[in-house]
Amino acid sequence: ERNREFQAEPERLVPFVQAGNLVQLTAASIVGGFGRHVQEVAHLMLSMRLAHLVASDAHSPSRRPPGLSEARKVVESLLSASEAEEIFERRPREILLGNVVTLPDPDTRRAARKKRWWFF
């Protein structure tokens, strides 16, 4: 969500995801901690099923707190409680156990509706 190439074209992640790669977002990106543009890209990636995990990227309780609870609420509102559980609990658990993680198919229909970003 913070990579300029994927910000411009999130659908570029589709072949990577179809090959079985997991994509992780930062909780702060989901809740707007890195600005509106990054937040919108993170939301688009979630809605396109191109993001599979959320990390805290916590540096300290005050400087960059975890924010996972707030991010989970946003993911639940964007997707569903069940999908949020996959992202925040089931997939991380499966990774820790060394199990294969099943991913949803990317929803490329959402890419056609994404905003175009212009930088001056």
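The structure contained in this document is the topic of the report that follows. Quantities reported herein were computed from a predicted structural model and do not represent experimental measurements.

### Some thoughts on the overall build of the protein chain
1) Next: Looking only at helices and strands, the protein chain has six helices and two strands in total.
2) Next: Overall, the protein chain shows an N-to-C arrangement of helices and strands of α-α-β-α-α-β-α-α.
3) Next: Once local pairs closer than 6 in sequence are excluded, the contacts in the protein chain between residues at least 24 apart make up 68%.
4) Next: Accessible surface for the protein chain amounts to roughly 7,400 Å². Of this, 51% is attributable to carbon and sulfur atoms.

### Here's the deal with the pattern of salt bridges
1) Next: Here the structure, examined in full by the defined rule, presents seven salt bridges.
2) Next: With a shortest N-O distance of 3.1 Å, arginine 12 and glutamate 5 are connected by a salt bridge.
3) Next: For arginine 12, a relative accessible area of 38% corresponds to the partly exposed category.
4) Next: Residues arginine 72 and glutamate 76 are paired through a salt bridge, measuring 3.3 Å at the closest nitrogen-oxygen approach. Here arginine 72 pairs with glutamate 76, and both are found in helix H5 (residues 68-78), just four residues apart, close to one helical turn.
5) Next: Through salt bridges that share partners, Arg72, Glu76 and Glu89 make up one connected network.

### Quick look at the packing of H5 against helix H6 (residues 81-96)
Relative placement of two packed helices is described by the angle separating their axes and the distance separating the axes.
1) Next: Where H5 contacts H6, the two axes come as close as 8 Å, and the packing angle between them is 145 degrees. Here H5 runs over H6; the crossing is right-handed. Residues Leu68, Ala71, Arg72, Val75 and Glu76 of H5 form the contact with H6, whose own contacting residues are Ala81, Ala84, Glu85, Ile87, Phe88 and Glu89.

### Some remarks on H6
For an α-helix, 3.6 residues make a turn, and residues three or four places apart therefore share a direction.
1) Next: Relative to the 22 Å expected for 16 residues at 1.5 Å per residue, H6 spans 22 Å between its end C-alpha atoms, a close match to the ideal helical length.
2) Next: Where H6 bends most, the angle comes to about 40 degrees, and this point is isoleucine 87.
3) Next: Turning to H6, its buried residues number three or more, namely Ala84, Ile87, Phe88 and Arg91.

### Some words on the nonpolar core
General note: in soluble globular proteins, nonpolar side chains tend to be found buried as a group.
1) Next: Core analysis: the biggest nonpolar cluster contains 25 residues, and Ile30, Met45, Leu46 and Val75 have the highest contact counts within it.
2) Next: For this core, the elements supplying multiple residues, two or more each, are helix H2 (14-18), helix H3 (27-31), helix H4 (36-47), H5 and H6.
3) Next: At five residues, the largest contribution of residues to this core is made by H4.
4) Next: Aside from chain neighbours lying at most four places away, what touches leucine 46 is Leu25, Ile30, Ala51, Val75, Leu78, Leu79 and Ile87.

### Details of the packing of aromatic side chains
1) Next: Taken as a whole, this structure holds one aromatic pair when the rule is applied.
2) Next: Aromatic side chains phenylalanine 6 and phenylalanine 16 sit 6.4 Å apart centroid to centroid with 90 degrees between the ring planes, which places their arrangement in the edge-to-face category. Residue phenylalanine 6 is found in helix H1 (residues 4-8), and its partner phenylalanine 16 is found in helix H2; the two are separated by ten residues along the sequence.
3) Next: When its relative accessible area of 45% is taken as the criterion, phenylalanine 16 is described as partly exposed.

Rules used throughout
- Along every chain, residues carry numbers that run from 1 in the direction the sequence is written.
- Where local features are concerned, this predicted model is filtered to residues with pLDDT of at least 70; where side-chain atom pairs are given and counted, the filter is 80 or more; whole-chain, interface and lining totals use all residues.
- Here the side-chain values reflect all heavy atoms present in the structure, with hydrogen atoms and water set aside.
- Numbering of helices and strands runs from the N terminus; a helix is a DSSP stretch of H or I covering at least four residues, while a strand is a stretch of E covering at least two.
- Contacts were defined at the residue level, with two residues in contact if any of their heavy atoms lie within 4.5 Å.
- Working definition of accessibility: Shrake-Rupley area with a 1.4 Å probe, residue cover restricted to the visible protein chains.
- Here, a salt bridge means any Lys or Arg side-chain nitrogen found within 4 Å of an Asp or Glu carboxyl oxygen.
- Burial classes: relative accessible area under 20% of the type maximum marks a residue as buried, over 50% as exposed, and values in between as partly exposed (1.4 Å probe, protein chains only).
- Interaxial angle, 0 to 180 degrees, is taken between N-to-C directions of lines fitted to C-alpha atoms, where a helix line uses only the stretch in contact.
- Rotating anticlockwise by less than a right angle from the far helix to the near helix defines a left-handed crossing, while the corresponding clockwise rotation defines a right-handed one.
- Under the convention used throughout, the expected extent of a helix is 1.5 Å for every residue step, that is, one less than its residue count.
- Bend angle per residue: angle between axes fitted to the 7 residues ending at that residue and the 7 residues starting there.
- Throughout this description, the term nonpolar core refers to a set of buried Ala, Val, Leu, Ile, Met, Phe, Trp, Tyr and Cys residues connected via side-chain atoms within 4.5 Å.
- For Phe, Tyr and Trp, where Trp contributes only its six-membered ring, two rings pair if their centres lie within 6.5 Å, and the inter-plane angle classes them as stacked under 30 degrees, edge-to-face over 60, or tilted in between.

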